Amino acid sequence: MNAVSGDLAFLPLGGTGEIGMNLNVYRCDDALLAVDCGIGFAGRDNPEVDVMVPDPAWLAACRDRLVGLVITHAHEDHLGAVVHLWRQFRCKVFATPFAAAVLTRKLTEAGMLQEVPLVVTQPRARFRLGPFDCEYIPVAHSVPESQALAIRTRHGTVLHTGDWKLDPDPLVGPRTDEAAFAALGEEGVLAMVCDSTNAMVEGHSGSEAEVRRNLAALIRPMTGRVAVTGFASNVARLESIALAGRAAGRQVSLVGRSLRNIEAAARDCGYLKSIPPFVPDEEAGYLPDEEILLICTGSQGEPRSAMAKIAEDTHPHIALGEGDTVIFSSRRIPGNERAIQRIQDGLVRRGCRVMTDEDHMVHVSGHPARDELKRLYALVKPRFSVPVHGEWRHMQEHAALATECGATPFLIEDGDVLRLSGNRPEVVESVPAGKLAVDADRLVPMDGAVLAARRRMMFNGVVVASLAVDGQGRVLGEPQISAPGLFDTGDAEPGLIAADLRQAVSALPAALKREDDALREATRSALRKAVGRRLRKRPTVEVHLLRV
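Here the structure is a predicted model, which means the values were calculated and not measured.

### What to know about the overall build of the protein
Moving on, step 1. Broken down by element type, the protein carries 17 helices and 29 strands.
Moving on, step 2. Expressed along its principal axes, the backbone C-alpha trace of the protein runs to roughly 85 × 70 × 45 Å.
Moving on, step 3. Look at the contacts in the protein between residues 6 or more apart in sequence, and 72% of them connect residues 24 or more apart.
Moving on, step 4. Put simply, the protein shows about 23,100 Å² of open surface, and 49% of that area lies on carbon and sulfur atoms.
Moving on, step 5. For the protein, the centre of its 63 positive side-chain charges and the centre of its 71 negative side-chain charges are spaced 4 Å apart.

What follows is the structure, given as structure tokens:
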């Protein structure tokens with residue numbers, strides 16, 4: 001990208017048009033500042049993938065101009081990709097103590113702790129990175145120490161809100177600092193890059209304090225075992241559930257690795273002081289039903305989560321059944337509906353009563369509804385608005401609301417370079433942006449050959465033929481056909497395909513059969529035809545050729 005001399009620009013590489021996978025870049029003159037670096041979960045649209053990250057290729061190519069990566073808060077869609085992408089950036093990473101504690105555990109597991117220069121930055125801190133004068137502004141959200149980021153430059157000030165809400169009583173941490181936003185508005189804000197997640201929701205998002213009261217009232221009279229699942233990173237909710245359990249005379253146990261990691265990070269940072277140590281899950285299974293409350297991972301239907309294993313009765317320590325209650329203290333993230341329903345059905349089949357936010361006030365969102373958005377616009381008074389962090393329909397509704405509030409909105413896609421300086425913002429160019437799948441220790445393009453082959457195999461299957469030939473290419477013995485997912489044990493078709501394949505190979509020209517590569521390719525073509533005749537499908541085919 002050719003930097004325009006003396007300009008200020010914003011370019012998202014992830015986080016517009018969908019929820020998750022945030023990677024934002026600001027350009028001031030010739031310097032670059034990255035804000036957040038998160039993962040996304042593939043969901044049912046990409047069943048061949050679990051986790052995705054933004055494609056960092058463009059930013060990696062410009063890393064000599066990258067002055068730092070600033071993390072706004074400790075959610076996976078804002079910091080989860082650091083361990084996957086940092087080696088392509090190799091810049092300093094700035095985070096508040098809680099986000100830094102969460103990130104430290106991730107870096108330790110990845111063996112990267114000594115590599116990454118992680119700078120612990122206090123809430124409300126003001127720090128300079130090249131031409132960017134950055135200031136954290138505390139906001140309420142569903143994870144401790146969430147911060148908006150005011151970015152002052154010689155061209156003007158941009159407010160990057162991150163994820164936020166206006167909660168009158170967030171329980172853990174301070175309320176959103178409306179006075180700081182008002183002061184920033186008086187100072188003058190060129191543009192506000194703002195959360196759009198709940199732009200279609202009328203009214204107010206609600207308060208964590210209300211959820212705490214309702215959980216306590218719900219749990220107190222319950223009999224049998226009680227389990228609650230929610231977002232692991234919501235420390236205020238974790239504390240509320242633990243307090244509700246204690247008030248009901250129950251000991252509390254955490255079930256699930258991500259919950260234990262968040263608990264450790266929270267205690268390291270001075271949170272959960274009023275909560276005694278949790279009962280280990282291997283001991284919780286032996287406590288009387290009326291004396292235990294379980295806090296479990298799996299509110300979004302994650303297949304390897306504690307709640308998924310409990311619903312399948314495969315958890316090594318915990319079982320739920322007739323007379324027990326499970327509370328889903330969360331909302332359904334779009335795309336996860338089927339997975340969540342599968343777990344809930346499994347629990348009901350086992351005799352559990354399932355309660356959700358559709359039945360009771362057991363969850364509030366961490367994102368601003370329309371009244372909160374209007375309030376922030378009134379405080380900040382930005383000239384321009386850039387809706388981000390939401391699906392396209394959310395961003396479009398946000399843009400209409402921004403117009404009502406007196407700001408001029410600009411809707412952009414990932415990769416668009418929106419120049420903010422000058423008389424009026426405009427998209428001046430585009431840079432490559434895309435998605436990569438996290439596949440064990442490697443990153444694979446979502447639109448590349450590897451995942452395309454995996455998708456074909458998922459829907460059409462795979463057939464592997466193994467055959468031995470002599471030096472002249474004569475087939476020795478019978479070819480072996482393996483086709484997992486296409487045939488049952490004992491089906492006749494593999495034998496028939498093997499016979500077809502042997503006959504086809506035997507009929508090949510003698511000269512061709514003496515060349516390994518040519519014989520392998522001809523055998524693959526013959527296998528494809530034989531499978532097509534028998535199955536009327538086009539699975540992926542592969543040949544293992546052994547010349548003896």
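### Some thoughts on empty space enclosed by the protein
Moving on, step 1. For the structure on display, the rule yields 4 cavities of 30 Å³ or more.
Moving on, step 2. The wall of the largest cavity is formed by 15 residues, among which His141, Ser142, Val143, Pro170 and Ala236 lie closest to the centre.
Moving on, step 3. Considered class by class, the residues forming the lining of the largest cavity number 7 nonpolar, 5 polar and 3 charged.

### So, the pattern of salt bridges
Moving on, step 1. This structure, assessed with the given rule, holds 32 salt bridges.
Moving on, step 2. Across the pair Glu263 and Arg267 runs a salt bridge whose closest N-O atoms are separated by 2.7 Å. Taken as a pair, Glu263 and Arg267 lie in helix α8 (residues 257-268) at a separation of 4 residues, close to a single helical turn.
Moving on, step 3. Using a relative accessible area of 15% as the deciding quantity, one classes Glu263 as buried.
Moving on, step 4. In this structure, Glu426 and Arg419 form a salt bridge, with 2.7 Å as the shortest nitrogen-oxygen distance.
Moving on, step 5. What makes Glu426 partly exposed here is its relative accessible area of 38%.
Moving on, step 6. Each member of the salt-bridge network shares a partner with another, and the members are Arg87, Arg90 and Glu115.

### With respect to the packing of helix α5 (residues 178-187) against helix α12 (residues 370-380)
Two quantities define a packed helix pair, namely the angle between the axes and the distance from one axis to the other.
Moving on, step 1. Relative to each other, α5 and α12 sit at 45 degrees, their axes nearing to 7 Å. Regarding the angle of α5 to α12, the classification is oblique. Of the residues in α12, those in contact with Glu178, Phe181, Ala182 and Gly185 of α5 are Arg375, Leu376, Leu379 and Val380.
Moving on, step 2. By residue class, the composition of the contact of α5 with α12 is 5 nonpolar, 1 polar and 2 charged.

### Thoughts on the side chain of Ser385
Moving on, step 1. Mapped onto the elements, Ser385 comes out in strand β20 (residues 384-388).
Moving on, step 2. Not counting residues up to four positions away in its chain, the partners in contact with Ser385 are Met192, Tyr377, His398, Ala402, Ala407, Thr408, Pro409 and Phe410.

### As for the pairing of strand β18 (residues 325-329)
Moving on, step 1. A large share of β18 lies buried, amounting to 5 of its 5 residues.
Moving on, step 2. Here β18 shows two buried faces, one formed by Thr325, Ile327 and Ser329 and the other by Val326 and Phe328.
Moving on, step 3. Looking at chain direction, strand β15 (residues 226-230) and β18 are connected through 5 bridges and run parallel. Within β18, the position partnered with Gly230 by the bridge is Ser329.
Moving on, step 4. Sheet topology places β18 next to strand β19 (residues 353-355); 3 bridges connect them, and they run parallel. The residue bridging Val326 from the neighbouring strand is Val354, located in β19.
Moving on, step 5. At this point the chain moves from β18, through helix α11 (residues 337-349), to the parallel β19, and the crossover so formed is right-handed.

### Some thoughts on a nonpolar patch on the surface
Moving on, step 1. Residues Leu476, Leu546 and Val548 make up a contiguous nonpolar surface patch of roughly 270 Å² in combined accessible area.
Moving on, step 2. Secondary-structure assignment places Leu546 in strand β29 (residues 540-547).

### Focus: unusual backbone geometry
Moving on, step 1. Notably, Asp29 is not glycine yet its phi reads approximately 55 degrees, a positive angle.
Moving on, step 2. Looking at where Asp29 falls in the secondary structure, it is placed in the loop between β3 (23-28) and β4 (31-37).
Moving on, step 3. The phi dihedral of Asp36 is positive, around 70 degrees, even though this residue is not glycine.
Moving on, step 4. Its place among the elements puts Asp36 in strand β4.
Moving on, step 5. Accessibility expressed as a relative area gives 0% for Asp36, which makes it buried.

### Focus on the sheet that holds strand β13 (residues 156-160)
Moving on, step 1. Read across the open sheet, the 7 strands follow the order β10-β11-β12-β13-β14-β20-β22; overall the sheet is mixed. Among the strands making up the open sheet, the edge pair consists of β10 (126-129) and β22 (408-409).
Moving on, step 2. Pairing between β20 and β22: 2 bridges, direction parallel. Bridging across to β22, Ser385 finds its partner in Pro409.
Moving on, step 3. Each of β13, β14 (191-195) and β20 touches α12; the most contacted strand, β14, lies at about 160 degrees to it.
Moving on, step 4. Sitting on the sheet, helix α13 (residues 392-404) touches β14, β20 and β22, and the angle it makes with β20 is about 160 degrees.

### As for the packing of aromatic side chains
Any two aromatic rings considered together are summarised by their centre-to-centre distance and by the angle between their planes.
Moving on, step 1. Inspection of every chain in the model, using the stated rule, returns 5 aromatic pairs.
Moving on, step 2. Summarising the aromatic geometry, the rings of Phe127 and Tyr136 are spaced 5.6 Å apart at their centres and angled 65 degrees between planes, so their arrangement reads as edge-to-face. The same class applies to Phe127 as to Tyr136, namely buried.
Moving on, step 3. With 5.8 Å between their ring centres and 65 degrees between their planes, Phe384 and Phe410 make a pair best called edge-to-face. Of this pair, Phe384 sits in strand β20 while Phe410 is found in the loop between β22 and β23 (416-419), placing the two residues 26 residues apart along the sequence.
Moving on, step 4. One aromatic cluster is present, formed by Phe94, Phe127 and Tyr136 through successive ring pairs.

### Details of the nonpolar core
Moving on, step 1. Grouped together as the largest cluster of nonpolar side chains are 74 residues, with contacts concentrated most on Trp58, Leu59, Phe98 and Ile295.
Moving on, step 2. Contact partners of Leu59, with chain neighbours within four places excluded, come to Leu13, Leu23, Val25, Leu32, Ala34, Leu66 and Phe89.
Moving on, step 3. In terms of nonpolar packing, the next biggest core, distinct from the first, is built from 28 residues, Phe94, Tyr136, Ala191 and Val386 among them.

### Digging into the sheet that holds strand β7 (residues 66-70)
Moving on, step 1. Spatial ordering of the open sheet is given by β9-β8-β7-β4-β3-β1-β23-β24, a layout of 8 strands whose pairing is mixed. Each of the sheet's edge strands pairs with one partner strand only, and the pair in question is β9 (118-120) and β24 (426-430). Each neighbouring strand pair of the sheet contributes to a mean axis angle of 25 degrees, computed without reference to strand direction.
Moving on, step 2. Bridging between strand β1 (residues 8-14) and β3 involves 6 bridges; their strand directions are antiparallel. Opposite Ala9, over in β3, you have Arg27 as the bridge partner.
Moving on, step 3. Strand contacts of helix α3 (residues 82-89): β3, β4, β7 and β8 (93-95), with the helix running at about 165 degrees to β4, the strand carrying the most contacts.
Moving on, step 4. Helix-sheet contacts for helix α4 (residues 97-109) involve β8 and β9, and the interaxial angle to β9 is about 150 degrees.

Procedures and definitions
- Residues numbered from 1 in each chain as written.
- Predicted model: local features only at pLDDT ≥ 70, side-chain atom pairs only at ≥ 80, totals over all residues.
- Heavy atoms only, no water.
- Helix = DSSP H or I, 4+ residues; strand = E, 2+ residues; numbered from the N terminus.
- Contact = heavy atoms within 4.5 Å.
- Areas by Shrake-Rupley, 256 points an atom, 1.4 Å probe, with all protein chains shown as cover.
- Lys, Arg positive; Asp, Glu negative; His and termini not counted.
- Charge placed at Lys NZ, Arg CZ, Asp CG, Glu CD.
- 1 Å grid on protein atoms, 1.4 Å probe; cavity = no way out; pocket = protein on both sides within 12 Å on 5 of 7 lines; lining within 4 Å.
- Points joined across faces, edges and corners; volume = space filled by probe spheres on them.
- Nonpolar A, V, L, I, M, F, W, Y, C, P; charged D, E, K, R; others polar.
- Salt bridge = Lys/Arg side-chain N within 4 Å of Asp/Glu carboxyl O.
- Buried < 20%, exposed > 50% of the residue type's maximum accessible area, 1.4 Å probe, protein only.
- Axes fitted to C-alpha atoms, helices over the stretch in contact; angles between N-to-C directions.
- Parallel < 35°, antiparallel > 145°, perpendicular 65-115°, else oblique.
- Pairing = 2+ DSSP bridges.
- Right-handed = clockwise from strand over helix to strand, strands pointing away.
- Patch = residues over 30% accessible without salt bridge, like charges linked within 9 Å, V, L, I, M, F, W, Y side chains within 5 Å.
- Phe/Tyr/Trp six-rings, centres within 6.5 Å; stacked < 30°, edge-to-face > 60°.
- Core = buried A, V, L, I, M, F, W, Y, C linked by side-chain atoms within 4.5 Å.

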